[in-house]
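Breakdown of the fold
Read off the chains here:
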Amino acid sequence: MFRSHCVAAGTVLSIFLAACGTNGSSQSPVASGKGVITGCAFGADQNATFMGEQRFGSVPVAFASGQFASSEISAVTTQMDTWNAHYAAVYGFNAFNYGNSSNPNTAPAPVVSMLSNYNVLSPGETGWVSGQYYVIQKDGPGYQNSAWPYGQNVLALTTLAKVPLASGQSLQVIYNATTEINYHDFYAAGMPQANLAGTMLHEFGHLLGLGHPCEASSTVSGIPNCYESNISPDYLSAVMYPGVSLTNPVMALNTNDQSRANCLFSYLHN
Ligand SMILES: [Zn+2]
């Protein structure tokens, strides 16, 4: 039912880019005249890099009530707009609906362990829980937990609640989610200041159902190791690369991000 995915502070991306070669196995998605990748295409080594899929179009998004300054809200909604522009160009709808851009939706911060207790899905119901928001929340002292409950180098973590896989489906449908942002080890006063916009651009990819194109570990079954000498440079320059620079994150969806994202709404392209 649950899958958590996080983004760690990354410092090795530039080293990778200087050292890597190309991976000839990747398929070639199609770019439209405006440079938007429109095809659902990915190399065989990307088969296991999907965590789930959204259904029924725009995900209802809210900020945890009273937690975010207007500057933070602006930085985050801009990143939703990046994903929205992509899906609008490819499929004609926005990935996210955060409400009025000058006064976005707010909602109480959900307790992560309670997400599955929104067990209100009726048999056969396979989509986002009606009336529930995906809530972006801060975590750490003063917020839900007195300490950040995950690794101290983790900038943020998205937890997905998913419908059990039905026969004929290849991806579980996401019916609720939340992202916690590490306001204990980063962002908070006196701590390293990470780029919130870059962190959330990445987390929104997880919310949509994207996993990382590679992992910095050889122990993740079925997913390429980012440290392999022949790793595709497209995986290393992706927004969904597992490490995000604190100060200079990737802010544009690359070919890997776009072509995999196009595959997440299976009912649109099957
Ligand atoms: Zn991640």
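Heads up: these notes are all about the structure in this document. (Residues numbered from 1 in each chain as written. Predicted model: local features only at pLDDT ≥ 70, side-chain atom pairs only at ≥ 80, totals over all residues. Heavy atoms only, no water.)

Things to note about unusual backbone geometry
With phi around 70 degrees, tyrosine 187 is a residue other than glycine that occupies positive phi space. Its place among the elements puts tyrosine 187 in the loop between β9 (174-182) and α3 (196-208). (Helix = DSSP H or I, 4+ residues; strand = E, 2+ residues; numbered from the N terminus.)

Topic: the nonpolar core
It is characteristic of soluble globular proteins that their nonpolar side chains tend to be buried jointly. Residues Trp83, Phe96, Tyr134, Ile136 and Phe204 are the most contacted members of the largest nonpolar core, which totals 48 residues. Of all the secondary-structure elements, those providing two or more residues to this core are β2 (59-64), α2 (70-90), β7 (134-139), β8 (154-162), β9 and α3. Sort the elements by how many residues they give to this core and α3 lands first, with 6 residues. Setting aside anything within four residues of it in sequence, one finds phenylalanine 204 in contact with Val76, Gln79, Met80, Trp83, Phe96, Tyr134 and Ile136. (Core = buried A, V, L, I, M, F, W, Y, C linked by side-chain atoms within 4.5 Å. Buried < 20%, exposed > 50% of the residue type's maximum accessible area, 1.4 Å probe, protein only. Contact = heavy atoms within 4.5 Å.)

Observations regarding empty space enclosed by the protein
By the definition in use, this model includes 1 cavity of 30 Å³ or more. If you add up the space inside the largest cavity, you get close to 90 Å³. Lining the largest cavity are 13 residues; nearest its centre among them are Ala238, Val239, Gly243, Val244 and Val250. Looking at the lining of the largest cavity, the elements that each hand over two or more residues are α3 and β10 (243-244). Classifying every residue of the lining of the largest cavity by side-chain character gives 8 nonpolar, 5 polar and no charged. (1 Å grid on protein atoms, 1.4 Å probe; cavity = no way out; pocket = protein on both sides within 12 Å on 5 of 7 lines; lining within 4 Å. Points joined across faces, edges and corners; volume = space filled by probe spheres on them. Nonpolar A, V, L, I, M, F, W, Y, C, P; charged D, E, K, R; others polar.)

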